[in-house]
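Residue-level structural notes
Next come the chains, spelled out residue by residue.
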Amino acid sequence: MIIRTSSEIYLDANATTPVLPAAAQEAHDAMEELFGNPSSSHISGLRARYILESARDLVRKVLGASDGQIVFTSGATEAIQMGIFSTLCDIRRRRTSGESAAGNRTLLYGATEHKAVPQALQHWNQLLGVDDKLLEIPVDEFGALDLEFIRQHAPDADMICTMAVNNETGVITDLDAVEKAIRGVNESVRWLVDSVQAVGKVQLDLSQTTIDYASVSGHKIYAPKGIGLLYVREDAPLVPLLAGGGQEHGARGGTENLPGVAAIAAVMKILAESKSRTFADDQVLEGFKLRMIKALKGAFPTIEFNTPFESSVATTINFSVKGFPSKELLDLFDAAGIRVSSGSACGSAAQRSYVLDAMGLPEWRSSGAIRLSFGPLATESEISAACERIEQAGQALCESCLVVSGDSDGTTGQDLDGLVQLKNGSMCTWLLMDSKSKRCLVIDPFEELAERVESLIRCQNSRVVAVLDTHAHVDHDSCRTMLLKVLSAQAAASAETSDELGWPETPDGFATLSDGSQVPYLNFSDEWVVAQTELPGHTLIGCAYLVGPLSGGEKLLAEDVVFAFTGDMILMGGIGRTDFSCSSLEKMYESLRRLPNIISDQTIICPTHDYNNGFATTLAFEKAENDFLARILCDQNPLGFERFAEAKPTVDAGISDATNSELVCGLIAQSSDSQASSIEIGRDELKQFFHEHRDSLIIDVREPHEFAFAQDWSELGFAAPPENVPLTRLSGYLPNLLAIQQESPRDIIFLCRSGKRSGKAAEVARRIGIKTARHICGGIALNVKHKCAAERASDEMGYVI
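Residues numbered from 1 in each chain as written. Predicted model: local features only at pLDDT ≥ 70, side-chain atom pairs only at ≥ 80, totals over all residues. Heavy atoms only, no water.

Describing the packing of aromatic side chains
- Inspection of every chain in the model, using the stated rule, returns 14 aromatic pairs.
- Judged by centre distance (6.4 Å) and plane angle (70°), the ring pair of Phe-288 and Phe-374 falls under edge-to-face. A residue pair is termed long-range when its members are at least 10 positions apart, and Phe-288 in helix 8 (residues 282-299) and Phe-374 in the loop between strand 12 (370-373) and helix 12 (380-399) qualify at 86 residues. The pair formed by Phe-288 and Phe-374 is uniform in burial state, with each residue classed as buried.
- Joined through ring pairs, the aromatic side chains of Tyr-589, Phe-628, Phe-641 and Phe-644 make up one cluster.
- A cation over a ring is seen here: Lys-423 above Phe-615, with NZ or CZ 4.6 Å from the ring centre.
- In this structure, Arg-767 packs its charged tip against the face of Phe-621, placed 5.4 Å from the ring centre. (Phe/Tyr/Trp six-rings, centres within 6.5 Å; stacked < 30°, edge-to-face > 60°. Helix = DSSP H or I, 4+ residues; strand = E, 2+ residues; numbered from the N terminus. Buried < 20%, exposed > 50% of the residue type's maximum accessible area, 1.4 Å probe, protein only. Lys NZ or Arg CZ within 6 Å of the ring centre and 35° of its normal.)

Considering the sheet that holds strand 10 (residues 316-321)
- The three strands are arranged 9-10-12 in an open sheet whose pairing can be described as antiparallel. Two strands lie at the open edges of the sheet, namely strand 9 (303-305) and strand 12, each paired on one side alone. With direction set aside, neighbouring strand axes in the sheet form an average angle of 35°.
- Pairing of strand 9 with strand 10 involves three bridges; the strand directions are antiparallel. (Pairing = 2+ DSSP bridges. Axes fitted to C-alpha atoms, helices over the stretch in contact; angles between N-to-C directions.)

A look at the side chain of Thr-539
- Within the fold, Thr-539 resides in the loop between strand 19 (529-534) and strand 20 (543-548).
- Here Thr-539 falls in the buried class, since its relative accessible area comes to 3%.
- One polar contact links the side chain of Thr-539 to the main-chain carbonyl oxygen of Ile-541, over a distance of 2.9 Å.
- Apart from the residues within four sequence positions on either side, Thr-539 is in contact with His-471, Ala-472, Val-474, Cys-582 and Ser-583. (Polar contact = N/O pair within 3.5 Å; in protein donor to acceptor, adjacent residues only side chain to side chain. Contact = heavy atoms within 4.5 Å.)

What about the environment of Pro-745?
- Note that Pro-745 resides in the loop between helix 22 (730-743) and strand 29 (748-751).
- In sequence terms Pro-745 and Glu-286 are 459 residues apart; their C-alpha atoms lie 59 Å from each other.

As for the packing of helix 2 (residues 43-63) against helix 7 (residues 258-272)
- Closest axis-to-axis distance for the helix 2/helix 7 pair is 9 Å, and the angle between their directions is 35°. The hand of the helix 2/helix 7 crossing is left-handed. Residue-level contacts link Ala-48, Ile-51, Leu-52, Ala-55, Leu-58, Val-59, Lys-61 and Val-62 of helix 2 to Leu-258, Val-261, Ala-262, Ala-265, Met-268, Lys-269, Leu-271 and Ala-272 of helix 7. (Left-handed = near helix turned anticlockwise from the far one by under 90°.)

Looking at helix 15 (residues 585-594)
- If you check which residues of helix 15 are buried, you get Met-588, Tyr-589, Ser-591, Leu-592 and Arg-594.
- Next to the buried residues of helix 15 lie strand 17 (509-513), strand 19, strand 23 (570-571), strand 24 (574-575), helix 17 (627-633) and helix 18 (641-653).

Here's the deal with the sheet that holds strand 16 (residues 463-468)
- Across the sheet, which stays open at both edges, the four strands sit in the order 13-14-15-16 with mixed pairing between neighbours. Edge positions in the sheet fall to strand 13 (418-424) and strand 16, since each of these pairs with one other strand and no more. Ignoring which end each strand starts from, the neighbouring axes of this sheet average 20° apart.
- Across seven bridges, strand 13 lies against strand 14 (residues 427-434) in antiparallel orientation. Paired with Val-420 across the bridge in strand 14 is Leu-431.
- Sheet contacts for helix 13 (residues 450-460): strand 13, strand 14, strand 15 (439-443) and strand 16; angle to strand 14, the most-contacted strand, approximately 10°.

Overview of the packing of helix 15 against helix 18
- As a packed pair, helix 15 and helix 18 sit with axes 10 Å apart at the nearest point and diverge in direction by 120°. As the angle between them shows, helix 15 and helix 18 are arranged oblique. Here helix 15 and helix 18 pass one another in a crossing that is right-handed. Residue-level contacts link Leu-585, Glu-586, Met-588, Tyr-589 and Leu-592 of helix 15 to Phe-641, Phe-644, Ala-645 and Lys-648 of helix 18.
- Residue composition of the contact of helix 15 with helix 18, grouped by class: seven nonpolar, no polar and two charged. (Parallel < 35°, antiparallel > 145°, perpendicular 65-115°, else oblique. Nonpolar A, V, L, I, M, F, W, Y, C, P; charged D, E, K, R; others polar.)

Topic: the pattern of salt bridges
- Tallying each qualifying case throughout the model produces 42 salt bridges.
- The residue Lys-423 makes a salt bridge to Asp-610 at a minimum N-O spacing of 2.7 Å. Of this pair, Lys-423 sits in strand 13 while Asp-610 sits in the loop between strand 25 (604-607) and helix 16 (619-625), and the two are 187 residues apart along the sequence.
- Residue classification places Lys-423 among the partly exposed positions, given a relative accessible area of 23%.
- Here the residues in one salt-bridge network are Glu-8, Lys-327, Asp-331, Asp-334, Arg-339, Glu-706, Arg-753 and Arg-757, joined through shared partners. (Salt bridge = Lys/Arg side-chain N within 4 Å of Asp/Glu carboxyl O.)

Remarks on helix 23 (residues 756-767)
- Here helix 23 is 12 residues long and its end C-alpha atoms lie 17 Å apart, about the 16 Å a rise of 1.5 Å per residue gives.
- With 10 of its 12 residues buried, helix 23 lies for the most part within the structure.
- Inspection of helix 23 places Arg-757, Ser-758, Gly-759, Ala-761, Ala-762, Glu-763, Val-764, Ala-765, Arg-766 and Arg-767 among the buried residues, and these make up the whole buried set.
- Phi for Gly-769, located one or two positions after helix 23, is positive at around 110°. (Expected span 1.5 Å × (residues − 1).)

Comments concerning the nonpolar core
- With 62 residues, the main nonpolar core has Met-292, Leu-296, Phe-300, Phe-319, Leu-372 and Leu-431 as its most contacted residues.
- If near-sequence neighbours (up to four positions away) are discounted, Phe-300 is found in contact with Val-321, Leu-329, Leu-332, Phe-333 and Leu-397.
- Membership of the second largest hydrophobic core comes to 60 residues, among which are Leu-63, Val-189, Leu-229 and Ala-266. (Core = buried A, V, L, I, M, F, W, Y, C linked by side-chain atoms within 4.5 Å.)

Points about the confidence of the model for the chain
- Counting all residues, the mean pLDDT for the chain is 89, and 91% of those residues have values of 70 or more.
- Under a pLDDT of 50 for its full length, residues 406-411 has, in the predicted model, six contacts with residues more than four places off or in other chains.
- Contacts from residues 784-801, a stretch scored under 50 in pLDDT, to residues over four places away or in other chains number 23 contacts. (pLDDT = per-residue confidence, 0-100.)

Listed below in structure tokens is the structure:
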């Protein structure tokens, strides 16, 4: 399925907004015509001064700030710094003069504040030697501040920082209630309110409050980046961060950013002319939100909304989809041409949301959170287009079998064949699937991946022959029984077994391995069997599953083993630990010494844990990179058991579980071949590069639901689209890659959206011996050509998001 998309849909307005044409025009005029210095006394300077002061008047009207100061800054971060710096300087002055004592004083801030606030508090508190204690104000499950906590701690506070609207969830703070809690116990403590996400969305009347400082950012309200402001209450201290020149009535040295001021004034004019001093009617925005919610529910059946809609702005929707980390959803949305983020854009490499953690939401919702935020000036047509694109994203997921739509009762996606690797953190669950017979084996199931496994099997209408564990896990029970229960309609009789690791009671036959041992096997496909052989050591109950074709006389020779599932015996960059009560040094040594006799150096080893995103490995690579393993497996003069038993505890002692969120199953060495595999090509050179490398094997490693969205491959120099081998199926593709390279050696070039996944794919390929494997650094996202300002010089002035 190819889904064609025509344009970008921007749903990350909480991160930044496009510049309004009127604002861009005002900035342009201030640069070309009204470019005087506001401090000059001639006519050009007076005109510039008029722009500055009239902008200040508009800001006062919009913020409801009839008194106090309005100081223009470079943005909200500087404004926050200025408010905090001024307060702490005043605290230090009063302590030095004896007006107040230090004692056990505190600085309070909301647990869900933008990181600019606590980091600024910590920075200036330490640098100025104030040495107050920083305290985080807790929030409830709806993101509301704990007012009792404020009442309890405000008497000893030198400053309290809260926000008007949360940037991740859109939660509106009840400022009236917070003010009563603060002033009921402390009339003089300085109070800073981050108003960045509130301006233009909720009505503010700062002069009617006891708020001492309020920060505003231009680029969050359709003005350019680089302009913001600070409201300062009349009697609040104000100490310049930048001294020299006396600009901004002595509050901020340096010539004012007049184009930025002119632009934000244009926005403020629009707001000032609105009765509610907001961009749009609340009912209109609520209607847009409801349409978005409906589209999201249709696209993602397991969606959970993290935004409490009853107490939030209409323009922010924070959600998680069970079974999907935020990185995977970001990639999907990006491929669909929808721009969203995973929390605050100031630190939105996909990771856990401290905001949702503070609200006490489950870990999966925090680590899988997506923030969708449309601008308050969004139009009907933009919302309709966004909803349609979201539905297409859901359709793409159905096609790739990652979700199963409610009205689906059979196979909905493309056939899966071979090996599929599912990951959650370091945990790997493997699925062997045969599209012809519809047989399926699940190896090393993890509860965190169970829903994904279930979706794939139901979507493919597969028959589960067995659900297998490679060993008895130390830190958790297998979810094998639970998975079989939910997949009872898809489970074959052979899957129901009393065996501790899930091996069927009655195998299809017995095969002889290269070391002469007789082992049971299951018929998996027309070509392959899956054999089980004992491989204890990491735990006393452990085995390996060997996949490959039988030779004459029911033999599964080492050179014919395609995949080996060895549990935590062999890890990328290490070997399994043996310091558990259920481990055995002697058995580990015997198993390691036996392994080269039952698999080849080129067999793809598929571990249970992958701590460095290595995906899969081979004995040849691990022996080359791991001297300890190489000495154990050496044919001549190998490391004996006594020396192994002396050395292994020292190796295991280097494992640190404390720095990880899960038990680490072996000491892992860092290894990277990324520099050797990178191709750094400029945007203008990429088309020529691909044109010259048409004989190369070019592989797109994005997932099928991303690849489904049409890409203009001809623009990148392709005669035809590249082959799509997603990372989830890369390990299963490695034997094909080796065969291709042996038959017809050529360059193997991996690509993806950003270059990160393709870099990993190239490392994996080089690890198994394909030294011609490389990837495009920066990916195709940065190499799709768009007109820049210089190229638009002859065009009518425009603006881009």
